[in-house]
Amino acid sequence: MHLLIRLFAVIPFLLLLKACAMPPDPGYESQQPYYPLPEELTAGDIFHLPTGYQVTHDAVIDHARRAQVVYVGEIHDNLSAHHLQVDILKSLTATNPGKVTVAMEMFTPSQQSVLDRWSAGELSEKEFLKQVDWYATWGVDFDLYRDLLLTCRDQGIKILAVNAERPVREALSRTPIEELPDQLRQRLPEMNFSDPHYHAMVTAFAAGHPMGQFESDGFLRVQTLWDETMAANLADYLLSQGEDHQVMVVAGNNHIQYGFGIPRRLFRRLPVSYLLIGTTETAVSAHSDPDRVMNINSPEHPLLPYHFLYITDYEPLPRSGVRLGVVITSDSESGVLIEKVLPGSVAAQEGFQPGDRLLSLDQEPLEDTFDLIHALRQKQIGSTAALLLLREQKEITVMIEFTAENQQHE
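Residues numbered from 1 in each chain as written. Predicted model: local features only at pLDDT ≥ 70, side-chain atom pairs only at ≥ 80, totals over all residues. Heavy atoms only, no water.

### Digging into the overall build of the chain
What counts here: Helix numbering and strand numbering both begin at the N terminus, where a helix is a DSSP run of H or I of at least 4 residues and a strand a DSSP run of E of at least 2. Only protein chains enter the accessibility calculation, which uses a 1.4 Å probe; a residue whose area is less than 20% of its type maximum is buried, one above 50% is exposed, and one in between is partly exposed. We call two residues in contact when some of their heavy atoms are within 4.5 Å. Under the convention used here, a 1.4 Å probe and the Shrake-Rupley method define accessible areas, while residue burial counts only the protein chains that appear.
What the chain contains, in helices and strands, is 14 helices and 16 strands. By the burial criterion, 52% of the 410 residues in the chain qualify as buried. For the chain, contacts bridging at least 24 residues in sequence account for 73% of all contacts bridging at least 6. Total accessible area on the chain stands at roughly 18400 Å², and carbon and sulfur atoms take up 50% of it.

Okay, structure coming up:
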C-alpha cells in the first residue's frame, strides 16, 4: 500500500507518546484498494481515506449526522484534536438536540454520578475535578478537555463513563484471567483475544515504550480489557436509547484507528452504524518535540485507519499554573505534608523544609494534595501567594512571588 503510506510518512516508525496512535510501517504492502494522497500534507487538509479525495469539514459533519456512533480519536496532548471534538459535538447537537451523548475513555462507571451532576450544572470546576480525582485517574492536563466538558455542562449533554475500573485493570495486568479471584473475573466483559492485527499492534507498543518494556501478556490483557469494557458499556447504553440517539466517542487514536479497538468490539455486540474520524500531524509538528515520540516497529494492517483524517499542526497548551517545588502527601492530619523540597525551587529559596505542613494558601484551607495542586494551577508567573505553614507546632506565614527565574528549576 505504497501510496497510502505517504499519508503517514510524516511520522514513520514513530508513535506520538501521548497520542495512543501508531502509523503503519512504510514498508507495508496491502492487497486492499487504495488511493494516493498528496506528497506533502498541510495542516487543515481533510481526506476521505476510502476514496483518497480531499473534503470539507462540512462534508465530514454531514456523514457524522447519519451515524449512530461517531468515533473522534485524539492525540491526547494536541489541543487541535480537542478543538475538533468540540466542533463536531456542537454540530451534532445542533441537528439532534437532546439526543447526543459523549462517551469518554477518561472516566469509569464509578464516576458516573459525578459526571451527571456536572452535566446538570451542580458542580463548580474545582468540585468536579476533585470528585473525579482528575489528576490521579487521568493525569493529562485538564485544560485540554475544559472546552469539551464545559460544552457538555452548558448544554446539559450527558457524559458517559465507559472505561474499566482501576482495580480490575491492575489485577489483570499482573494475573492471567483464569487465575483471578471469582469476584474479579465476574466483573470482566466478554474478552476476545483472537484479532491478530490488534495483538500485533499492542505487542509493538509494549516493546517500544520509552518507560521500559512492558510484560507483553499483561499489557495485552489490559488493553483488551479497556477496549472490550468500553465496547460493552457503549452497547448497554445504546440498547437503552432510541435508534435516533447518537454517541460521540472520545478516546485516543489507538483505541479507534483501523476499527479493531473499540469499534469492532462494539459492532460484535451491536451492529450499529459508525464513523471513524482521526487526526495526524504534519511532518514539522511530529518532529518538533523529541520527548513526544518513541520508536515503534509498527505492524502491518490491511485496513484503512479512518473514514476521515484531519491533518493538523501540533498545538500545545499555553503554559498555565506555577510550581512550588515540593513533593507532598496527605495524611489524617490537617493540611498537606511536605516530604521533599526540590533544589533550586521557589520552596527551597524560601526555606521550606521536609516535615513542614502547609495549612492554607491565600487563606483558603488546604485539605489535601488536590487543593494545593489546583490552587497553584490558578497562578501565573508574576502572581503572589501567602502560604501558612506549621513547623514544630508554630504557624508561619510565607509570602511568595512566582517569577520566571524561580520557575526554571523544573
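### Notes on the pattern of salt bridges
The test is simple: Here a salt bridge means any side-chain nitrogen of Lys or Arg lying within 4 Å of a carboxyl oxygen belonging to Asp or Glu.
Under the counting rule described, the total for this entry stands at 23 salt bridges. Here D244 makes a salt bridge to K99, at a shortest N to O gap of 2.5 Å. Note that D244 is positioned in the loop between α10 (216-239) and β7 (246-252) and K99 in the loop between α2 (79-95) and β5 (100-104), a separation of 145 residues in sequence. Under the relative-accessibility criterion, K99 is labelled partly exposed at 33%. K379 serves as the salt-bridge partner of D362, at 2.5 Å between the closest nitrogen and oxygen.

### Some remarks on the nonpolar core
Stated formally: Take the buried residues of types Ala, Val, Leu, Ile, Met, Phe, Trp, Tyr and Cys, join any two whose side-chain atoms come within 4.5 Å, and each joined set is a nonpolar core.
If you look at the biggest cluster of nonpolar residues, it comprises 44 residues, and the most contacted ones within it are M104, F107, F128, Y145 and L149. In terms of residues, this core owes the most to one element, α2, which gives six residues. With sequence-adjacent residues up to four places away left out, L149 is seen in contact with M104, F107, W118, F128, F142 and I159. Within the second largest apolar cluster, 29 residues are counted, among which are L41, L234, L238 and Y306.

### Considering the sheet that holds β7
Stated formally: Any two strands with at least two DSSP bridges between them are considered paired.
Spatially, eight strands are ordered β3-β2-β10-β8-β4-β7-β5-β6 in an open sheet, and the strand pairing comes out mixed. For this open sheet the edge positions go to β3 (53-54) and β6 (159-161), each flanked by a neighbour on one side alone. Two elements, β5 and β6, share three bridges in a ladder whose sense is parallel. By the bridge assignment, M104 is partnered in β6 with A161.

### Focus: the packing of α10 against helix α11 (residues 262-269)
Our working rule: Axes here mean lines fitted to C-alpha atoms, for a helix over just the part in contact, with angles spanning 0 to 180 degrees between N-to-C directions. Each angle is binned into one of four classes, with values under 35 degrees roughly parallel, values over 145 roughly antiparallel, values of 65 to 115 roughly perpendicular, and all other values oblique. Crossing handedness is read from the near helix: turned anticlockwise from the far helix by less than a right angle, it gives a left-handed crossing, and turned clockwise, a right-handed one. Residues are grouped as follows: Ala, Val, Leu, Ile, Met, Phe, Trp, Tyr, Cys and Pro are nonpolar; Asp, Glu, Lys and Arg are charged; every other residue, Gly included, is polar.
With their axes 8 Å apart at the nearest point, α10 and α11 run at an angle of 45° to one another. As judged from the angle between their axes, α10 and α11 are oblique. Judged by the twist between their axes, the crossing of α10 over α11 is right-handed. Contacts between α10 and α11 pair T224, D227, E228, M230, A231, A232, L234, A235 and L238 from the former with I262, R265, L266, R268 and R269 from the latter. When the residues that make up the contact of α10 with α11 are grouped by side-chain class, the tally is eight nonpolar, one polar and five charged.

### A short note on the environment of F267
Here F267 lies in helix α11. Take F267: its relative accessible area is 41%, and that puts it in the partly exposed class. For the pair F267 and A235, spaced 32 residues apart in sequence, the C-alpha separation works out to 8.6 Å. With near-sequence residues (within four places) excluded, F267 lies in contact with V272 and Y274.

### A short note on the pairing of strand β10 (residues 308-312)
The buried count for β10 comes to five of five residues, which makes it a mostly enclosed element. Burial along β10 is two-sided: the face carrying F308, Y310 and T312 and the face carrying L309 and I311 are both buried. Of the pairings in the sheet, the one linking strand β2 (residues 46-48) to β10 comprises three bridges and is antiparallel in character. Note on β10: the bridge partner recorded for I46 is Y310. Sheet topology places strand β8 (residues 274-281) next to β10; five bridges connect them, and they run parallel. Looking at the pairing, I277 lines up with F308 of β10.

### As for the confidence of the model for the chain
For clarity, the threshold we go by: pLDDT is defined as a per-residue confidence score from the predictor, taking values between 0 and 100.
Residues of the chain with pLDDT of at least 70 account for 87%, and the chain-wide mean is 87. Here residues 1-31 is modelled with pLDDT under 50, and outside its nearest four sequence neighbours on either side it reaches 104 contacts, counting other chains as well.

### Some points on unusual backbone geometry
In this model, Y258 sits at a positive phi of 65°, which is unusual for a non-glycine residue. Summarising the element assignment, Y258 is placed in the loop between β7 and α11. A positive phi angle is found at Q393, which is not glycine, with a value near 70°.

### What to know about α10
Where we set the bar: Helix span is expected to be 1.5 Å times the residue number reduced by one.
Helix length check: α10, at 24 residues, gives a terminal C-alpha distance of 34 Å against a target of 34 Å (1.5 Å per residue), a fit within 8%. The element α10 is largely enclosed, with a buried count of 19 among its 24 residues.

### As for the packing of helix α7 (residues 166-174) against α10
Axes are the key here: two packed helices are described by the angle between their axes and the distance separating the axes. For the pair α7 and α10, interaxial distance at closest approach is 7 Å and the crossing angle is 150°. In this view, α7 runs roughly antiparallel relative to α10, as classed from their interaxial angle. For the crossing formed where α7 meets α10, the hand is right-handed. Where α7 approaches α10, its residues V168, R169, L172, S173 and R174 are matched on the opposing element by G218, R221, V222, L225 and W226.

### What about the packing of aromatic side chains?
Selection rule: In this scheme Phe, Tyr and Trp rings, the latter by its six-membered ring, pair at centre separations within 6.5 Å, and the angle between planes marks the pair as stacked below 30 degrees, edge-to-face above 60, and tilted otherwise. Here, over-ring charges are defined by two tests on the NZ atom of lysine or the CZ atom of arginine: distance to the ring centre within 6 Å, and angle to the ring normal within 35 degrees.
Going through the model one piece at a time under the given rule, you end up with 10 aromatic pairs. Judged by centre distance (4.5 Å) and plane angle (35°), the ring pair of W118 and F128 falls under tilted. Here F128 lies in helix α4 (residues 125-132) and W118 lies in helix α3 (residues 112-119), a separation of 10 residues in the sequence. An aromatic cluster is present here, built from F107, W118, F128, W134, F142 and Y145 joined pairwise through their rings. Over the ring of W118 we find R153; its NZ or CZ atom is 4.6 Å from the centre of that ring. Of note, R265 hangs over the ring of Y198, and the distance from its end group to the ring centre comes to 4.3 Å.

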